[in-house]
Amino acid sequence: MLFALGTMLAVLLTAASDTEETQRPAARPVQRPKSELEKAAEEFRVQTRNLGLRPDSPARSKRSGNGGLNFHGRLFHNLRNDFFDAVPHEVFQRGGSKGLLRRNQFGFNLTGPVVIPRLFHGGKATYFSVTYEGMREKMGRSYLRTIPTLRERSGEWAHVVDQAGQTLPIYDPQTTSTNPNFNPAQPVSTNNLQHPRLPFPENRIPAARLDRTAQQAVALYPAPNSDAGPFFRNNYFIFAPEQNRADGVNARVDHTASDRNRLGFGLTWSNGVDQPAPWFPNEANPGSPARERRTRRGTVEHVFTLSPRTVNTLTLDASTDQYENPPAEGASQPFPRYSFEPYLSMGRSYPVSKNSRTTFIVTDGVSTRWREHRLRLVVQGIRERVNTFWPQYPSGSFRFSAGYTSLPGIVNTGHAFASFLLGAPEYAERSVVISPSYFRRNRGAIILRDQWEIRKGLTLNLGLNIDGSTPRVERYDRQSTVALDRINPVNGRPGALVVANRDGLGRAFQPVLVKPEPSASLAWNVLGSARTVVRAGYSRSYSYIPVYFAQWGTQAFNGAPTWVSENPQLLPALILQDGFPPSRTFPDMRPESANDTIADLIEPTGRQPTYQSASLSLERELRGQIVVTAGFGHSEGRNLLLSNSGSNPNAIPLSALTYRDRLNDLNFNRSLRPYPQYQKFDVYSSWPEGRYQRDAGYCRVEKRTSGGLTLSAYYEFSKQMDNYSGPYGVQDYYNRGNEWSLTSSNNPHRFTLTYMYELPLGASKLFLTMTDWRRHLVGGWSISGQTTMASGEPVALRPQFNNTGGVVDALHVNQVPGVDPAVAKRGPELWFNPEAFAQPPDFTIGAVARTHPNLRMPSSQNHDLSVTKRVAVTSERSVEFSMVGLNFVNHAVWTDPDTVIGPASAPNVNAGKIIGSRGQRIIQLGLKFNF
Amino acid sequence: MVTRRLFIPALSAGLLQAAKTPEVSRRILRIPFWIGEGATLVQAPVAKVNGGPAKVLQVLDSAGDLMVLLILDLAGDLAQVEPAREALITNVQSLQENAWIGLMRSQDGLTALLDPTAERAPVVDRIRELSISGRAGLLDTVETALGLADKIAAKSRVRLAVLYVSDSDIRNYRDDYTNPVINHSDAGDMSRRFPEGIVKEKIARLLARVSTYESPLFIVHLDYRSDTLNNAYQTGLLELANTTGGSAAFCRSNAEIPEAISAMFQTVASHRVAIIQPATGLRNQADIELEAEGRELKYRTRLQLRR
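Residues numbered from 1 in each chain as written. Chains lettered and ligands numbered in written order. Predicted model: local features only at pLDDT ≥ 70, side-chain atom pairs only at ≥ 80, totals over all residues.

Colleague: Looking at this structure, how should I read the overall build of chain B?
Modeller: Helices and strands together make up the secondary structure of chain B, namely seven helices and 13 strands. Considering only C-alpha atoms, chain B reaches an extent of 70 × 70 × 30 Å along its principal axes. (Helix = DSSP H or I, 4+ residues; strand = E, 2+ residues; numbered from the N terminus.)

Below is the structure:
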């Protein structure tokens, strides 16, 4: 029975099988079993299709499931509060406390495919990234200053004393007479007065004598609110918040049109306002003006792949940076600046200004490969527009001195504020800007690069840039300068004002410049090992002459008429209540119109700063992914652009010092200048006279580990010399070789340690490998830090007095023979030996270099640290807490020693001493949600 | 005091709760390992998982079938790409016959260029044809690639390896890992003092996920970079590769590129896979020990388990 059933079942199954086979194509061969590799390949096809990784994948799967195409980003908030910070050392040493600080920085980033519901899904092809960041900041600022007492403001000076506590007499200039018995062979003294003068009765200026304009201004002075003293000094305590804010967006879109075409768009938008702490609650505020900054930038990039070995990249970039000092609220016109030291002045410079720089850049680069050469050609064009409205003192600046209310020739008499009350400045100027300046400049470059693999392990890079630039022009040709080769019609000497696009001149005062910039470098794997690389390089380059935010070089159209007292002790420059006397009107294009002024001078040859550098290094990878690099670099530059403190084409030669006291005669002094018709030249950081040379040896050790540690240590020993740098300026403008000394910012020894470490705690790590809830506590910690140590800069010494009749701007000191400038044990009590130096005798120059060759300022060190704790919320989301500490060990760095050397008769008692230290730990806390 | 009374029982309860975390079911693990150059394995290694015994079901030998998912992430400098192309072609051609290459591209998202094949000519052709423009994509695609490799490995007994050849710069990603300054007027900004934070966070998140995949990841980066952002990035790549049992190499000169690619191909070709089954169930992670008598083994020591 069972057999029969089995036979029937077998027949039925066979029949069914036959039926199936008859339904199959007759030609199909018998399949062999798939190999494991074939199975794997089949699975590859299935999975890549499902994941949307193939051209034939369903559209839906192409949009998702491919890593990185979902929306993600971060939300963040960073917080700073004075509670977390240390008291600055310099404040702590004076018994002070921390100032208020509230700072919040916040924003978000979102990235993902561009999706317009029902219209467009970017998928892999179109991707965006947008970041917003905002900042709100409030910082308490405190200052202690001296302002006139209420009685002083009304002219009552009986209570006013000098620094020694003696009554300060205020003299009446209307009582000035000439002493017929004056003996010019003797110095002026109370017994030998040239211009006797009587003090005001009861040391009180009569109300009728007070200047009306001065009285109106004085009404805006706040009342004294402190009595820190002594002698009514330090009577105004300012505690006001500085408030800053900023908002910005950075957005990007990438679109892959095809395998060969890719487009990128970028946009940056930012608005910022810096509102410094107000010193006065009205328009007479002498504090810095509010400043608004606006940044806009847009970029378009198109990458076209011509072939696997040739790629073309076209980039269009437009950006604008705008800075504006807006007018104070409620003020119809800016308040003038009145300065009368030692009291806090009124008004400020640049109360209203607006500057913008717009740059358009078009760049096209082609990269290709030809045999052993990788070639790159880049063509770039740049259009630069600088619009500037930059009047320094649109309502005038008035400087008052004690001289007009003093007993002429007798120190410690009179007062600058008393002179102000009488409306008698010693100097006045007013900025006249009839129009903003619209500067334009074009630049271009052709860049050729050849990376040539000469043989295995030896690659040579050759480069040649052809740089060209047009000089600065003004849209309406409102530019002027002094032409040093033209004769001044007034005195017949060289030097006359010329105007762009007039009298046969071009629109610019400098030529079009085209310069070749060659470079060469090689990478050579020596010893037949790719782990050892010798690199060598040489380059020569030029930098452009910048177009500054300033209306320098437009003196025929915008000027600053000045009024200078011929003798501040006897005559004022003008009378305040009478206003400005008539002055030249603008535009004034006469050749002599810049006479008797500080004349704008544009260097006519357009010499560009030129740089050369050469380097040699040896790089070796050791076991354990340690890379050691040792190298040497040499660089030098000439024609570096110098400012007015480093360059003075109208300086009096030092040989004139033999005239001694005659140099104090202003007219005689002027006559010694190469261009006596001008007070000075203003070269505005554009005079190409600087030179430097730097040699440095260095060693770098880098280490990376799979445990998440990155370590980099860098040490450098360098020596840099130049002929211009320093805090005080140059002594001899005509013999630059005499100024060749250490660069004022040169730190010969510099060590930097940088580290990043993902702490080996938690799941997948070495220690505390907890996988339960405790992993949230122990895992996810990382640190980053940087430690920098540097030796000090060279000491720059300065004599206390400069009695050279105005010939020398920055006088050096003399060395005392046989006295060692170094001290056995350096410390704050004595850092160097001031007795090794001396004040030069009158009308002589100092012999010690601008920066001392051996003496160094105190060394410095800084330690910054960031600690981050990350908590995973899900596999895609995490929360991150961070703490960034600048100078987190709160290390104090000594301040620089007093470098002023006094004369033997009155030595500077603080010379060589350090009076404190500086530094502060600053903490920022952060919270970030990543998704 | 009250706080203390509450805190201690709460902490105890928490610790007890942690100890009671339920175990997941037993599973089979694929562990890549290497023995010394030229050495052979006489017998299967002995395995332990989380200190307990584990059965070695099979060892896929270095002479056995191999599938390499070769992923090109090239969007930068032609000067580096060309020697890389040549080195890849040389090494692909010299691979053993039973090594199949599947070619993919990671710029602008992972894309399959060529299905795995034993033939060398199409692979060579596609490598030569590959354009190098686009955005870097290694960080965005590595998880997908490893997941793909794991799925293939689950269906076949072949050695699977994911090999990236990349010249990626962290600045060239579509995502914003560089955190550029947006408000130039913000003079007190401290948030960019250590700009590598976003890169490290991305790597940390990726590490947590990548550590759950079994296929080894190999990376040859054509350009060793030392700036802060790329330092963090490349250290992260090193971590990613090592976490999966693979390795990463970074070339400091063009001359190093052929050598590094060749060495990486040898590493890939010489890897073995131990397929092991723990005697007991696993929870959260598996700490692996492999021993072979008389042989020093290099192997992946830890695998996180998917929750």
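That shown, we press on.
Colleague: Where do I start with the overall build of chain A in this structure?
Modeller: Broken down by element type, chain A carries nine helices and 43 strands. Against the compact-globule benchmark of 30 Å for 931 residues, chain A has a radius of gyration of 37 Å, which places it well outside the compact range. Classification of the 931 residues of chain A by burial places 33% in the buried group. Contacts in chain A between residues far apart in sequence, at least 24 positions, make up 70% of those at least 6 positions apart. (Rg over C-alpha atoms; globule rule 2.2 N^0.38 Å. Buried ≥ 20, exposed ≤ 12 C-beta atoms within 10 Å, placed from the backbone. Contact = placed C-beta atoms within 7 Å.)

Colleague: Teacher, can you tell me more about the environment of P568 of chain A here?
Modeller: All names here are of chain A. Take P568: it is sitting in the loop between β25 (562-564) and β26 (598-600). Residue classification places P568 among the buried positions, given that 22 C-beta atoms sit within 10 Å. Taking the C-alpha atoms as reference, P568 lies 68 Å from N930; in sequence the two are 362 residues apart. When sequence neighbours within four positions are dropped, the list of residues in contact with P568 reads S401, G403, Y404 and E426.

Colleague: Any chance you could explain the packing of helix α2 (residues 78-93) of chain B against helix α3 (residues 121-129) of chain B here in plain terms?
Modeller: Each pair of packed helices can be described by the angle between their axes along with the distance between the axes. All names here are of chain B. Remark: α2 packs on α3, axes separated minimally by 10 Å, with the N-to-C direction vectors making an angle of 175°. Taken together, the axes of α2 and α3 are roughly antiparallel relative to one another. Contact residues: α2 offers R85, L88, I89, V92 and Q93, while α3 offers V123, V124, I127 and R128. (Axes fitted to C-alpha atoms, helices over the stretch in contact; angles between N-to-C directions. Parallel < 35°, antiparallel > 145°, perpendicular 65-115°, else oblique.)

Colleague: What's the story with α2 of chain B in this structure? I'm lost.
Modeller: Given 3.6 residues per turn, any residue in an α-helix points the same way as the ones three and four places further on. The terminal C-alpha atoms of α2 of chain B, which comprises 16 residues, lie 22 Å apart, in line with the 22 Å expected from a rise of 1.5 Å per residue. When α2 of chain B is considered as a whole, its buried residues turn out to be L78, A79, Q80, V81, E82, P83, A84, R85, A87, L88 and N91 of chain B. Against β12 (353-370), β13 (373-389) and β17 (437-455) of chain A together with α3, β7 (159-166) and α7 (256-269) of chain B lie the buried residues of α2 of chain B. (Expected span 1.5 Å × (residues − 1).)

Colleague: Just to check I follow, could you spell out the packing of helix α4 (residues 138-155) of chain B against helix α5 (residues 197-210) of chain B for this structure?
Modeller: All names here are of chain B. Running from amino to carboxyl end, α4 crosses α5 at an angle of 0°, the nearest separation of the two axes being 11 Å. On the basis of the axis angle, α4 is roughly parallel to α5. Here L139, V142, E143 and L146 of α4 come into contact with α5, specifically with K202, L206, R209 and V210. Taken together, the residues of the contact of α4 with α5 sort by class into five nonpolar, no polar and three charged. (Nonpolar A, V, L, I, M, F, W, Y, C, P; charged D, E, K, R; others polar.)

Colleague: Can you help me understand the confidence of the model for chain B in this one?
Modeller: Low pLDDT marks regions whose predicted coordinates should not be analysed in detail. Residues and elements named next belong to chain B. Averaged over all residues, the pLDDT of chain B equals 87, while 91% of them reach at least 70. Averaged pLDDT values for the elements of chain B fall to 44 in helix α1 (residues 2-19) and rise to 98 in strand β8 (residues 217-221). Across the interface, the model reports ipTM at 0.90; the global pTM reads 0.87. (pLDDT = per-residue confidence, 0-100.)

Colleague: Any chance you could explain the sheet that holds strand β6 (residues 111-117) of chain B here in plain terms?
Modeller: Strand pairing within a sheet occurs via backbone hydrogen bonds; the two strands may be parallel or antiparallel. All names here are of chain B. With mixed pairing, the six strands of this open sheet are ordered in space as β6-β5-β4-β7-β8-β9. This sheet does not close on itself; its edge strands, each paired only once, are β6 and β9 (247-250). In this sheet, adjacent strand axes meet at a mean angle of 15° when their direction is disregarded. Note: strand β4 (residues 66-73) against strand β5 (residues 99-105), seven bridges, orientation parallel. Its bridge partner lying in β5, V68 is registered against I101. On top of the sheet, α3 reaches β5 and β6; it is set at about 160° to β6, its chief contact. Along the sheet, helix α6 (residues 228-243) makes contact with β8 and β9, crossing β8 at roughly 150°. (Pairing = 2+ DSSP bridges.)

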